[in-house]
Amino acid sequence: WIPTNEWLQEWKSQLPLSTTIRLINAVLSDVLALTDDKKSNAEAKILEYLKTPLVGLLPVPHPILTRRYQENSATNLWFQRYLWSVIVL
């Protein structure tokens with residue numbers, strides 16, 4: 001199997017990369033400015049910069065949604081089979 005360019009583009013479009021791309025775009029100019037001097041300690045400067053709080057760059061996370069268990073015949077059957085497999089094995 002050889003991946004085609006069309007397949008790769010379709011697969012890539014389905015990845016949830018918006019948050020990562022937003023973060024990279026926000027810090028890219030600052031990181032490039034830290035590496036302009038071509039000194040050996042540029043990596044340490046970048047690490048120190050990334051350790052600072054980057055508040056406001058990323059979207060606010062969604063609230064955690066909790067759901068209560070709703071009993072039905074399918075989940076009961078699954079649970080019974082699972083429980084017996086644990087007991088027997």
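Residues numbered from 1 in each chain as written. Predicted model: local features only at pLDDT ≥ 70, side-chain atom pairs only at ≥ 80, totals over all residues. Heavy atoms only, no water.

Take the overall build of the protein next. In terms of helices and strands, the protein carries 4 helices and 0 strands. Scaling as 2.2 N^0.38, a compact globule of 89 residues should have a C-alpha radius of gyration of about 12 Å, whereas the protein reaches 24 Å, well beyond that. For the protein, buried positions account for 4% of its 89 residues. When the accessible surface of the protein is summed, it comes to about 8700 Å², and 62% of that surface belongs to carbon and sulfur atoms. Computed over 9 positive and 8 negative side-chain charges, the inter-centroid distance for the protein is 7 Å. (Helix = DSSP H or I, 4+ residues; strand = E, 2+ residues; numbered from the N terminus. Rg over C-alpha atoms; globule rule 2.2 N^0.38 Å. Buried < 20%, exposed > 50% of the residue type's maximum accessible area, 1.4 Å probe, protein only. Areas by Shrake-Rupley, 256 points an atom, 1.4 Å probe, with all protein chains shown as cover. Lys, Arg positive; Asp, Glu negative; His and termini not counted. Charge placed at Lys NZ, Arg CZ, Asp CG, Glu CD.)

Here we come to the packing of aromatic side chains. Applying the stated criterion to the full structure yields 3 aromatic pairs. Measuring from ring centre to ring centre gives 4.9 Å for Trp1 and Trp7, while their planes differ by 85°; the resulting arrangement is edge-to-face. For Trp7, a relative accessible area of 37% corresponds to the partly exposed category. An angle of 5° between the planes, with centres 5.4 Å apart, marks the rings of Trp78 and Tyr82 as stacked. A residue pair is termed a helical-turn pair when its members lie 3 or 4 positions apart in one helix, as Trp78 and Tyr82 do in helix H4 (residues 73-88) at 4 residues. With relative accessibility at 56%, the residue Trp78 sits in the exposed group. An aromatic cluster is built from Trp1, Trp7 and Trp11, whose rings are joined through pairwise contacts. (Phe/Tyr/Trp six-rings, centres within 6.5 Å; stacked < 30°, edge-to-face > 60°.)

Between helix H2 (residues 18-34) and helix H3 (residues 42-51), whose axes approach to 9 Å, the crossing angle comes to 150°. Classified by the angle their axes make, H2 and H3 are roughly antiparallel. You can see that H2 and H3 cross each other, and the crossing is right-handed. Contacts from Val27, Asp30, Val31 and Leu34 of H2 reach H3 at Ala42, Lys45, Ile46 and Tyr49. Class assignment of the residues belonging to the contact of H2 with H3 gives a composition of 6 nonpolar, no polar and 2 charged. (Axes fitted to C-alpha atoms, helices over the stretch in contact; angles between N-to-C directions. Parallel < 35°, antiparallel > 145°, perpendicular 65-115°, else oblique. Left-handed = near helix turned anticlockwise from the far one by under 90°. Contact = heavy atoms within 4.5 Å. Nonpolar A, V, L, I, M, F, W, Y, C, P; charged D, E, K, R; others polar.)

In this section: the environment of Val27. On the secondary structure map, Val27 appears in helix H2. Residue class for Val27 comes out buried when judged on its relative accessible area of 10%. Between the alpha carbons of Val27 and Pro59 there is a distance of 15 Å; along the sequence they are 32 residues apart. Beyond its immediate stretch of four places on either side in the chain, Val27 contacts Tyr49, Leu54 and Leu57.

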